[in-house]
Amino acid sequence: MLGESKINKNLAKKVYIETFGCQMNEHDTERMLYHLEEVGYSPSEKRDEADIIIINTCAVREKAANRLFGHLGNLKPIKEANPGMLICVGGCTAQNIGAEIQKKCPFVDIVFGTHNISELPGLIDQRIKGEKGICSIINDGFDYDLDKVKRISSFQALVPIATGCNNFCSYCIVPYVRGREKSIDPESIIKSIKEIVSGGVIEVTLLGQNVNSYGKDLDKDINFSNLLESVSDIIGLKRIRFMTSHPKDCSLDLVRIIKERDNIVKHFHLPLQAGSNRILEKMNRKYSREQYLDIIDNIRNSISNSTITSDIIVGFPGEERKDFEDTLDMVRKVRFGRAFTFMYSPREGTDASKMEDTVSLEVKKKWFSELLQVQNQISLEENEKFSGMKVEVLVEGKSHKDDKLLEGRMENNIVINFEGSAGLIGKIVSVRIVHVRTFHMMGELMS
Ligand code: SAH
Ligand code: SF4
Ligand code: F3S
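Residues numbered from 1 in each chain as written. Chains lettered and ligands numbered in written order. Predicted model: local features only at pLDDT ≥ 70, side-chain atom pairs only at ≥ 80, totals over all residues. Heavy atoms only, no water.

1. Side note on the domain arrangement of the chain
Parsing the chain into structural domains produces domain 1 (13-136), domain 2 (156-384) and domain 3 (390-445). Its C-alpha centre places domain 1 at a distance of 29 Å from the equivalent point of domain 2. The interface of domain 1 with domain 2 comprises 16 residues on the first partner and 18 residues on the second. Across the interface of domain 1 and domain 2, roughly 1500 Å² is buried in total on both sides, 58% from carbon and sulfur atoms. (Domains from an automatic or database assignment. Contact = heavy atoms within 4.5 Å. Buried area = accessible area lost by both parts, 1.4 Å probe.)

Printed below as a string of structure tokens:
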């Protein structure tokens with residue numbers, strides 16, 4: 001028989017979720033909030049007042065996983081002072097090393113994976129009834145229902161179109177923690193976006209690890225270009241973003257549709273990862289530097305005002321100085337608006353983790369800062385092209401740094417700050433760029 005539980009039964013009913021990782025995880029947090037609201041929990045801004053704390057984790061680099069243990073260490077005294085508070089760990093690290101989390105941190109009440117978010121209320125119920133050591137992880141699955149989401153923003157929405165990944169880039173843990181690629185059927189996507197747009201949303205971001213391979217697993221004649229076209233037809237939808245695009249599947253047809261449609265942003269996030277063909281092959285990226293440059297040419301020849309951003313890894317196993325210089329050379333040739341740069345981090349279970357990690361941390365750090373310096377200069381020069389221009393900005397809120405200023409995003413995802421009234425939040429306004437920096441811009445509202 002299960003013993004009498006000290007867990008709060010239904011008094012305050014507040015949940016606090018801390019989210020790490022990518023936009024897919026942000027969306028998963030919105031799904032957790034939906035399922036918890038169904039059983040009476042409302043979101044709380046204050047961690048220490050919550051009845052349930054959920055950490056929605058990322059596993060993409062070792063640092064992200066290690067940070068979880070530091071974080072849980074900080075929660076331990078809070079849990080000891082308030083044993084009725086539930087501590088749950090979900091997301092990609094939970095999916096990856098759930099049993100280890102529970103062993104190292106037995107005060108964690110519930111560990112759950114990426115494929116069973118809708119089970120959360122049931123797991124909480126089991127815990128409240130006294131069950132201990134709950135660790136519920138499903139190896140691969142599909143648990144998405146686009147209608148079961150508690151949206152955090154009233155004017156922007158994240159909409160997954162496919163989950164999982166089949167690419168198995170040799171360094172990457174995502175296919176192991178998110179399972180095989182599964183496209184969500186196009187009818188549900190369109191229906192769901194129509195509903196949220198009629199509820200006031202003006203910008204959607206279509207999410208997938210590789211949006212360009214959308215539909216390949218469906219028994220239907222549909223691809224990402226067709227889907228994008230149908231989404232773009234939805235009346236009232238002002239801005240469509242999408243990420244991430246894998247270069248190997250970036251078709252000419254897709255570029256044409258993006259060019260033709262005013263409500264699709266001219267922003268491509270096309271991770272390069274490395275500039276050397278030898279390393280690209282070891283990474284299993286399935287394109288060469290020459291093919292990547294061709295794709296960039298296609299995009300730029302067709303859409304002259306497009307912005308291309310990227311992800312780049314330095315210090316992959318076996319990478320030598322000349323390979324790294326190939327990366328620098330690509331960065332100089334392509335001229336990304338922005339690049340997210342990472343030091344290679346071995347992830348257990350991946351193919352690359354079986355290769356010898358030959359680049360020392362010292363060299364990784366040196367290459368990382370060299371790359372950053374080159375890219376930051378390019379970002380600044382690319383941003384300078386916008387100086388004095390009038391751009392359309394979706395106002396997202398007040399600036400985090402100065403609440404007298406508003407903060408919004410240009411079409412190409414660059415953040416811009418300017419003076420204006422809070423009544424503009426959620427609207428698209430015209431702004432003239434008056435000052436350009438490396439990662440953001442200052443502007444002036446136009447009437
Ligand atoms: N699906 C997306 C992004 C996945 S993860 C894509 O294909 O681009 C986001 C970024 O993290 C990757 O683009 C890559 O640059 C970086 N990354 C992934 N695994 C990594 C690792 N083991 N070490 C360092 N960076 C990594
Ligand atoms: Fe990881 Fe590659 Fe899949 Fe992106 S495409 S999630 S980098 S395996
Ligand atoms: Fe995203 Fe990190 Fe998982 S990048 S898919 S939250 S491993």
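2. Description of the site of ligand 2
Around ligand 2, the neighbouring residues are Cys165, Asn167, Phe168, Cys169, Tyr171, Cys172, Val174, Pro175, Gln209, His246 and Arg285. Considering only residue class, the shell around ligand 2 consists of seven nonpolar, three polar and one charged. (Near = heavy atom within 4 Å. Nonpolar A, V, L, I, M, F, W, Y, C, P; charged D, E, K, R; others polar.)

3. Here's the deal with the pairing of strand S15 (residues 390-398)
Where S15 and strand S18 (residues 428-436) come together, five bridges link them in antiparallel fashion. Each residue of the ladder has a partner; that of Glu392, found in S18, is Ser430. Across five bridges, S15 lies against strand S16 (residues 405-410) in antiparallel orientation. When the sheet's bridge partners are listed, Lys398 is paired in S16 with Leu406. Hairpin geometry of S15 and S16 is characterised by an intervening segment of six residues between the two adjacent antiparallel strands. (Pairing = 2+ DSSP bridges. Helix = DSSP H or I, 4+ residues; strand = E, 2+ residues; numbered from the N terminus.)

4. Concerning helix H1 (residues 23-38)
With 16 residues, H1 extends 23 Å between its outermost C-alpha atoms, agreeing within 8% with the 22 Å of an ideal straight helix rising 1.5 Å per residue. One or two steps after H1, the chain reaches Gly40, where phi turns positive at roughly 95 degrees. (Expected span 1.5 Å × (residues − 1).)

5. Digging into the site of ligand 3
By nearness alone, every residue bordering ligand 3 is listed as Gly21, Cys22, Asn25, Cys58, Ala59, Val60, Cys92, Arg178 and Gln209. Counted by class, the shell around ligand 3 contains five nonpolar, three polar and one charged residues.

6. Brief notes about the sheet that holds strand S1 (residues 14-19)
Taking strand neighbours across the sheet as the criterion, the six strands line up as S2-S1-S3-S4-S5-S6 in an open arrangement whose pairing is parallel. The open sheet has two edge strands with one neighbour each: strand S2 (42-43) and strand S6 (134-136). In the sheet, strand S4 (residues 86-91) pairs with strand S5 (residues 110-112) via two bridges, with the strands oriented parallel. Considered in S5, the bridge of Val89 is made with Val111. Contacts from H1 reach S1, S2, strand S3 (52-57) and S5 within the one sheet, and its direction differs from that of S1 by about 170 degrees. (Axes fitted to C-alpha atoms, helices over the stretch in contact; angles between N-to-C directions.)

7. Observations concerning the sheet that holds strand S19 (residues 440-445)
With mixed pairing, five strands are arranged side by side around a closed barrel as S15-S16-S17-S19-S18. Recorded for the sheet is a direction-independent mean angle of 50 degrees between the axes of neighbouring strands. Here S16 pairs with strand S17 (residues 415-419) via five bridges, running antiparallel. If you follow Arg409 over to S17, its bridge partner there is Val415.

8. Points about the packing of helix H10 (residues 289-302) against helix H11 (residues 321-334)
At a minimum axis distance of 11 Å, the contact between H10 and H11 shows a crossing angle of 10 degrees. One finds that H10 runs roughly parallel with respect to H11. Here Arg289, Tyr292, Leu293, Ile296 and Arg300 of H10 come into contact with H11, specifically with Asp326, Asp329, Met330, Lys333 and Val334. Grouping the amino acids of the contact of H10 with H11 by side-chain chemistry returns five nonpolar, no polar and five charged. (Parallel < 35°, antiparallel > 145°, perpendicular 65-115°, else oblique.)

9. Remarks on the packing of helix H8 (residues 252-260) against H10
Packing of H8 against H10 leaves a shortest axis separation of 10 Å and a crossing angle of 25 degrees. By the angle class used here, H8 and H10 are roughly parallel. Taken as a pair, H8 and H10 cross one another with a handedness that is right-handed. On H10, the residues that touch Leu252, Val255 and Lys259 of H8 are Asn298, Ile299 and Ser302. Here the contact of H8 with H10 is composed, by residue class, of three nonpolar, two polar and one charged. (Left-handed = near helix turned anticlockwise from the far one by under 90°.)

10. Re the pattern of salt bridges
All told, the structure shown has 37 salt bridges when counted by the stated rule. Across the salt bridge formed by Lys220 and Glu187, the nearest N and O atoms sit 2.8 Å from each other. A residue pair is termed long-range when its members are at least 10 positions apart, and Lys220 in the loop between strand S10 (203-207) and helix H7 (224-232) and Glu187 in helix H6 (residues 186-198) qualify at 33 residues. According to the relative accessible area criterion, Lys220 is partly exposed, its value standing at 40%. Take Glu187: its relative accessible area is 48%, and that puts it in the partly exposed class. (Salt bridge = Lys/Arg side-chain N within 4 Å of Asp/Glu carboxyl O. Buried < 20%, exposed > 50% of the residue type's maximum accessible area, 1.4 Å probe, protein only.)

11. Here we look at the packing of aromatic side chains
A full pass over the atoms with the stated rule returns nine aromatic pairs. Between Tyr287 and Tyr292, the aromatic rings sit 5.9 Å apart at their centres with planes inclined by 40 degrees, giving tilted as the arrangement. In this structure, Tyr287 and Tyr292 share a single accessibility class: buried. Where Phe316 meets Tyr344, the ring centres are 5.4 Å apart and the plane angle is 65 degrees; that geometry is what we call edge-to-face. Residue Phe316 is located in the loop between strand S13 (307-314) and H11, and its partner Tyr344 is located in the loop between strand S14 (338-343) and helix H12 (361-384); the two are separated by 28 residues in the primary sequence. Taking the relative accessible area as the measure of exposure, Tyr344 reaches 5% and is therefore buried. Aromatic ring contacts, followed pair by pair, group Tyr171, Phe316 and Tyr344 into a single cluster. Arg31 extends its terminal NZ or CZ atom over the ring of Tyr144, reaching a point 3.8 Å from the ring centre. (Phe/Tyr/Trp six-rings, centres within 6.5 Å; stacked < 30°, edge-to-face > 60°. Lys NZ or Arg CZ within 6 Å of the ring centre and 35° of its normal.)

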